[in-house]
Each structure stands twice: as C-alpha cells, then as structure tokens.
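# Descriptive structure summary
Chain residues, written in single-letter form:
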Amino acid sequence: MRYASITDRLANLGSEKWAIHAEARRMKAEGQTIIELTIGEPDVPPDPTLLAEAVRTMHAGRYRYSNGRGEPSVVDALVRKYQKRRNDVTAANVLCFPGTQTALFAVMLGLVETGDAVLVGDPLYATYEGVIRSTGAERIAVPLRPENGFHMKAADLEAAITPACRVLLLNTPHNPTGAVLSAAEIAEIGAVCRKHDLWIVCDEVYEQLVFGATFASPFDNPDLAERTIVVSSISKSHAAPGFRSGWAIGPADFCTRLLSVSETMLFGGQPFIADMTAYALDNPIATAATMRQSYKARAARFAEALSLAPGLVPLPPEAGMFIVVDVSETGMSGEDFAWALLREELVAVMPGSSFGDEAEGFIRLSLTVPDAHIDEACRRITALATRSTMPKERRA
Ligand SMILES: Cc1ncc(COP(=O)(O)O)c(C=O)c1O
C-alpha cells in the first residue's frame, strides 16, 4: 500500500531521541532502581480547585460540541491575560488548541509548506523538527552558543537566513537550556525578522517558570505585533499537561485564516476543559510560584554538586525544569556519557544530541525530582565523571 510522504518525513524522528528514556523504563519494569532525570513532567499536582471546577462544569452540562476558536469562557480569560501585556488584544486574536504542541502544528501548517524554510535555535525542543518537517518545509538551525548562555544572537540569525525562510520559531524560556531572552535581545532579533519579513512563532510554555531573569516576548513589542504568534498552555504553569489545554495568540487576519484549519482538525475542544482553563487563568493559583521556587533551588543544588566533579561544567538555567551540563571535558560525548550513566550508575538523563547538533557535548537533567534523588544522582554522576575524565596531559 502507498502512504503520503508526511509519514516518511516524520519516520524515526522521535524514537532514537528517547532511546535512553525507553531503556530506563524497560530496566525499571525489570525491577531495577533507576533515578530518572529524563522527562520534565511537573512533580506537583494541579491545584485541587482546577479539578473541582472541571468536574463542576462537566456536571453542569459543559460536554457538548464547541467551536474552532474556543469557548467564550476561555477566549475571554485569554483576552484578559494578554491585554495585560498588550492592550489591543481582542477575541479576534485568540485561537484555542489542545496544548502548545497542537497549536505549534496547526500554526506551522498555516505559515509554511514545501519549498519554505523555518529558522530555529539549536539546541531545540525535541518535537520542533517534526512540527517543521510535517509541513514539508526545511529546518535551518541558528546556533545557540554556550558562551552566550544559549541566547540567540541577531548576528547568528542573520547569517542563517536564506531566501526560502518564512518563519523564526523562537522558544523563550527555552527548553532544554533554560535561557530567557531579554527585551533588548528580542528587539535585535525582531529587527532582523522585520528586515527579512519573517513571522515569529514564539513558544512561551515556560513563561510562568522564570526564576533567574525577566520574561520578555516579541508579542509585547509593538514593532513586532503584526508578525508575532505566541503559543502556550496551562501544561507547565498549572502543572496540568494531561488536560491538553493551550492556545495561539496572533494577528486577527492570521487567526481568521487559521480558524478553518482548526475547525477542520478538531471542531473545537471540550467546554469543561475550557471553563477549567478560564478559572486557572483568572484566579491566583500558587502552583507556578511553588514550582519556580523548587526548580530554582534544585538547579542550584545540581550546579553546586556537579561543579566539583572532574570534567563537568553545569550551566544553570534562568527558567524551566531542566539543567544542562557540559560533559565534554570528560572526553566523552553527551550520548556516550548518558548511556554509561544508565548502564553503570542507573541514572537516566537525556543526551544533548536529542536536542540538536550544538548540544552534543551536553546532558540534560530534569529538576522534577526530590532533593534526596538529586544528591544521590550527583554522587553517581560524579563517580562516572571521575572514572572517565582523562588527565589533561593524556588528551590530544
Ligand atoms: C518548549 C516546549 N514546547 C511545548 C511543549 C508541549 O507543551 P504542551 O503540553 O502545552 O503541548 C513542551 C513540553 O515539554 C516544551 O518543553
């Protein structure tokens, strides 16, 4: 039988990136005790009032068909949220989706196709490659350099641009590096995007988890408003990834055009999830503040312990739920280090190579585990680093 080319373009994109995580889960199922630092699922539950609101509104009959833009309850709450950032926002700028991931997929489908190119920082979040490839467009990497704290530089963006480029896919706060772009950096990046007439799709799913910088967005810059589309969700801010509740906020013309894509794809989300999301956005809920505090402390804990280990350079994040560690001084690649760590020390981490070429010498550790696990993980990571780090005089 014949298949459409999208299945080839997306084939094997995911599996090898998650090979260490999958192997760790297999070893766990066999009964081995693994310290798992691979994925970043919030380790706190959503606030109980969110669950109560979802149940209440479901019992009140909010389980019928919705519409492609979103239920008025959540659209209005999003207008209130984004009006605090830019006072010209109305319902015409809002489209709801089941999570940032679906929003990214639909938005990209509305902006690019075969023959086009999308610029994206490298390292990058693991699903971006698929999001871009699914449209038929090509990905062009903009290096995010460790010496710049993984912040995208306008000059690196400018150097990567080709005539096929239509979109810059920006991610701030950034996964996996935790980098948060400043308003000044965004203005410089935005000037390049204006010069080359690029859309800016900005994934801000970690907006509420900034602890070491000040959040800024191209959406808040009036010079960039006509070309910026923000995608986000309550997955991280409210520790509610399984509810699949997200959105895209962009220019009214864009939203009108994308509405038919959204209607074709979904014909609307679940009204009771919409009401719960509106409640989450409108009420002061402490989940994000709690996570900010613990992720900041855990990042510092990892950084302090691992900076003492031979061959390791932790790079503390400004936001998010991860810390990356440069392992290149051990003489091993991030991938080899991560496999050795799993096999020899029963600690599962993500190799940097899962996030792009620029991160090959790194590993990524999740901050979503308790302190006792962090301390034990650091002891084991240090043991491996000590065994593997070649004395400097033996290195080429
Ligand atoms: C950068 C980034 N974007 C998007 C997502 C997916 O978010 P959602 O649950 O809203 O689909 C994640 C999840 O880890 C992420 O790290």
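Residues numbered from 1 in each chain as written. Predicted model: local features only at pLDDT ≥ 70, side-chain atom pairs only at ≥ 80, totals over all residues. Heavy atoms only, no water.

## Section: the domain arrangement of the protein chain
To keep things clear, this is the line we draw: Residue ranges assigned to each domain were obtained from an automatic or database domain assignment. Any two residues whose heavy atoms approach within 4.5 Å at even a single point are treated as in contact. Note on definitions: buried area is the accessible-area loss of two parts on being combined, 1.4 Å probe, summed for both. Salt bridge criterion: a side-chain nitrogen from Lys or Arg within 4 Å of a carboxyl oxygen from Asp or Glu.
Assigned domains within the protein chain: domain 1 (5-45 + 287-389) and domain 2 (48-282). Centre-to-centre separation of domain 1 and domain 2, based on C-alpha positions: 26 Å. Taken together, the 33 residues of domain 1 in the interface contact 35 residues of domain 2. When domain 1 packs against domain 2, close to 2,800 Å² is buried across both sides, 64% of that on carbon and sulfur atoms. Looking only at domain 1, the three residues that lose the most surface to domain 2 are Glu318, Phe355 and Glu358, adding up to 24% of its buried area. The tally of links between domain 1 and domain 2 comes to zero salt bridges.

## A few points about the packing of helix 5 (residues 100-111) against helix 9 (residues 252-265)
Operational definition: Here an axis means a line fitted to C-alpha atoms, over the contact stretch when the element is a helix, while the angle between two N-to-C directions is reported on a 0 to 180 degree scale. The helix and strand labels rest on DSSP assignments: H or I over at least four residues marks a helix, E over at least two residues marks a strand, and numbering proceeds from the N terminus. Note on angle classes: values under 35 degrees are labelled roughly parallel, values over 145 roughly antiparallel, values of 65 to 115 roughly perpendicular, and the remainder oblique. Crossing handedness: left-handed means the near helix sits turned counterclockwise from the far one by under a right angle, and right-handed means the same turn made clockwise. When residue character is reported, Ala, Val, Leu, Ile, Met, Phe, Trp, Tyr, Cys and Pro are called nonpolar, Asp, Glu, Lys and Arg charged, and the others, Gly included, polar.
The interhelical angle for the contact between helix 5 and helix 9, taken along N-to-C directions, is 120°, at an axis separation of 10 Å. With respect to helix 9, the axis of helix 5 lies oblique. Helix 5 and helix 9 meet at a crossing whose hand is right-handed. For the pair helix 5 and helix 9, the contacting residues are Thr102, Phe105, Ala106, Val107, Leu109, Gly110 and Leu111 in the first and Phe254, Leu258, Val261 and Met265 in the second. A class-by-class count of the residues in the contact of helix 5 with helix 9 yields nine nonpolar, two polar and no charged.

## Some points on a negative patch on the surface
What counts here: Residues qualify for a patch when their relative accessible area is over 30% and they have no salt bridge, like charges being joined within 9 Å and the nonpolar side chains of Val, Leu, Ile, Met, Phe, Trp and Tyr within 5 Å. Methods summary: accessible areas were calculated by the Shrake-Rupley approach with a probe of 1.4 Å, and residue burial reflects only the protein chains presented. Charge counting follows a simple rule: Lys and Arg are positive, Asp and Glu are negative, and His as well as the terminal groups are ignored. Lys charges are placed at NZ, Arg charges at CZ, Asp charges at CG and Glu charges at CD. Relative accessibility decides the category of a residue: with a 1.4 Å probe and only protein chains considered, values under 20% of the type maximum give buried, values over 50% give exposed, and everything between is partly exposed.
Residues Glu16, Glu147, Glu335, Asp336, Asp357, Glu358 and Glu360 make up a contiguous surface patch of negative charge. Taking relative accessible area as the criterion, Glu16 reaches 51% and is therefore assigned exposed.

## Some details on the sheet that holds strand 10 (residues 322-326)
Rule in force here: In this scheme, strands are said to pair when DSSP sees at least two bridges between them.
Spatial ordering of the open sheet is given by 9-10-13-12, a layout of four strands whose pairing is antiparallel. The open sheet has two edge strands with one neighbour each: strand 9 (313-315) and strand 12 (350-351). Both strand 10 and strand 13 (residues 362-366) contribute to a ladder of five bridges, which runs antiparallel. Within strand 13, the position partnered with Phe322 by the bridge is Ser366. Of the strands in this sheet, strand 9, strand 10 and strand 13 are in contact with helix 11 (residues 287-306), which crosses strand 10 at around 15°.

## Topic: helix 8 (residues 183-195)
Spelled out, the test is: Every helix has an expected span of 1.5 Å times one less than the residues it contains. Here, the arc refers to the directions that run from the helix axis to the C-beta atoms.
In this model, helix 8 (13 residues) spans 18 Å end to end at C-alpha, consistent with the 18 Å of a helix rising 1.5 Å per residue. Residues of helix 8 that are buried include every one of Glu185, Ile186, Ile189, Gly190, Val192 and Cys193, and no others. Down the axis of helix 8, the buried side of the element spans an arc of 155°, and every buried residue falls inside it. Helix 8 presents Ala183 and Lys195 as exposed residues on the side facing more than 90 degrees away from its buried surface.

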